[in-house]
Amino acid sequence: MAVWSAARDKSAYTLLTARWDALWYTRVAELGYGYEVRLPNGDVHSNLAFFPLLPWLERLVAAVSPLSYADGGFVVSLCASVAAAWGIFAVADHVYGRRAGVCAVLLWAVLPVGIVQSMAYSESLFTALAAWALYCVLTGRWVTAGTLALLAGLTRPVGLAVVAAVWAAGIATFVRDRRAAEPDGARDAARAPTPAPADTDATRRVLGMLLAPLGAAGYVLWVGHRTGKGPLGYLDVQAGWRNGFDGGYAFARFVAEKFASFPSALAGMGLILGVASVVWLYAAGVRGRQPLPLLVYTGIVVALALCASSYFGSKPRLLLPAFPLLLPLALALVRLRPRRSALVLGSVAVASAVYGAFWLNGSGPP
């Protein structure tokens, strides 16, 4: 990134901290909410579309240090990317073992859009909160899981996926406990796999489930109150950005239009293969009996990314937090000899670095 930017007489740091969404986040940190841009076609881009946790942290960094808001966003993103990597390792290590954890982190780091992990965006922060919330769910730390889900809900709209994972795991645990209390529960418990060490206190489980949705719900309701449009006011804000959920119709039409000419048809085929790969990886997770919270979380992240009518170039970035998709690939790498897996990861890392530098130095998608 630094070499490519220098060759084009650009500042790599500016590209990472002061483009696209990063500018909107720093404006929220500096001036608060209420700023909007009216486009000639009538669209209204309001900064109410951006959830508040990252701007709050940028403001905190600027308050306790000589750094600017943009610098604060960069620091938060870097620290969060390390926390996210650690959380991904913790989840994969808990489910599949230490080597799978290492491989999962490496795969997440070398994704083609991995450069976003160093941008003043909210992807790294959200992934860190989501990964640790899922780890806490898997290990029975319900109140901590609920708190992290609350914070994830203050970071991005897709925080609902973390909330759903906490609730799905909580309900499944209640069902399991009820079956265990039935007369034949001992026999069922003997047949069931040994659960991870967990806090079985129902009160703490309920408290965690109640905490989980407060972040997302609180911000959405606040936006509705501020705009005067009630509980669905946030949807109107997103509509001003032409964001919505249409079941994937707009994305399918976008892909179909690529086949109108030969050069773009190759891009259309690549998009189809990319979507098919995502679906295949999710199916592989189901076949591999991934824990329910991971499947619920990943399914919702993928559905919101692929079935939303948002800017299509951002979809790979929106899939970045769906790290459980990488677990089947991590298991495949575990089965390879270390030298061969290092060659695979090294090659992908080089390609990803080149792509990230090309992406940010061009007019590419945010």
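Please refer to the structure higher up on the page.
Conventions and cut-offs
Residues numbered from 1 in each chain as written. Predicted model: local features only at pLDDT ≥ 70, side-chain atom pairs only at ≥ 80, totals over all residues. Heavy atoms only, no water. Helix = DSSP H or I, 4+ residues; strand = E, 2+ residues; numbered from the N terminus. Rg over C-alpha atoms; globule rule 2.2 N^0.38 Å. Buried < 20%, exposed > 50% of the residue type's maximum accessible area, 1.4 Å probe, protein only. Contact = heavy atoms within 4.5 Å. Expected span 1.5 Å × (residues − 1). Axes fitted to C-alpha atoms, helices over the stretch in contact; angles between N-to-C directions. Parallel < 35°, antiparallel > 145°, perpendicular 65-115°, else oblique. Left-handed = near helix turned anticlockwise from the far one by under 90°. Nonpolar A, V, L, I, M, F, W, Y, C, P; charged D, E, K, R; others polar. Phe/Tyr/Trp six-rings, centres within 6.5 Å; stacked < 30°, edge-to-face > 60°. Lys NZ or Arg CZ within 6 Å of the ring centre and 35° of its normal. Core = buried A, V, L, I, M, F, W, Y, C linked by side-chain atoms within 4.5 Å.

A.B. asks: If you had to explain the overall build of the protein chain to someone new, which residues and values would you point to?
C.D. replies: Helix and strand counts for the protein chain come out as 19 helices and 2 strands. Whereas a compact globule of 366 residues would reach a radius of gyration of roughly 21 Å, the protein chain reaches 21 Å, a difference of no more than 12%. Reported as C-alpha extents along the three principal axes, the dimensions of the protein chain are approximately 70 × 55 × 50 Å. Buried positions account for 46% of the 366 residues belonging to the protein chain. Considering only intrachain contacts with a sequence separation of at least 6, the fraction spanning at least 24 residues in the protein chain is 73%.

A.B. asks: Talk me through helix 16 (residues 292–306); I want residue IDs and the actual numbers.
C.D. replies: Compared with an ideal rise of 1.5 Å per residue, which puts 15 residues at 21 Å, helix 16 spans 21 Å between its outermost C-alpha atoms and is within 8% of the ideal. If you check which residues of helix 16 are buried, you get P293, L294, L295, Y297, T298, V301, V302, A305 and L306.

A.B. asks: Any chance you could break down the packing of helix 9 (residues 159–181) against helix 16 for me, citing the residues and the numbers?
C.D. replies: It is at 8 Å that the axes of helix 9 and helix 16 come closest, and there the two elements cross at 150°. The orientation of helix 9 with respect to helix 16, classified from their angle, is roughly antiparallel. Where helix 9 crosses over helix 16, the two elements pack in a sense that is right-handed. Note on element contacts: helix 16 touches helix 9 through L292, P293, V296, Y297, I300 and V301, opposite A161, V162, A164, A165, A168, A169 and A172. Looking at side-chain class alone, the contact of helix 9 with helix 16 contains 13 nonpolar, no polar and no charged residues.

A.B. asks: So what's going on with the packing of aromatic side chains? Which residues, and what values?
C.D. replies: What the rule picks out here adds up to 17 aromatic pairs. Aromatic rings pair up to connect W24, Y25, Y35, F50 and W241 into one cluster. Here the basic side chain of R205 rests over the ring of F174, its NZ or CZ set 4.5 Å away from the ring centre. The cationic tip of K315 hangs over the ring face of F251; the distance from NZ or CZ to the ring centre is 5.1 Å.

A.B. asks: Residues and numbers for the nonpolar core, please.
C.D. replies: The biggest cluster of nonpolar side chains holds 88 residues, and the ones touching the most others in it are V116, V162, Y219, Y297 and F323. Among all residues touching Y219, those that are not within four sequence positions of it are Y33, N47, L48, F50, F51, P52, L154 and Y234.

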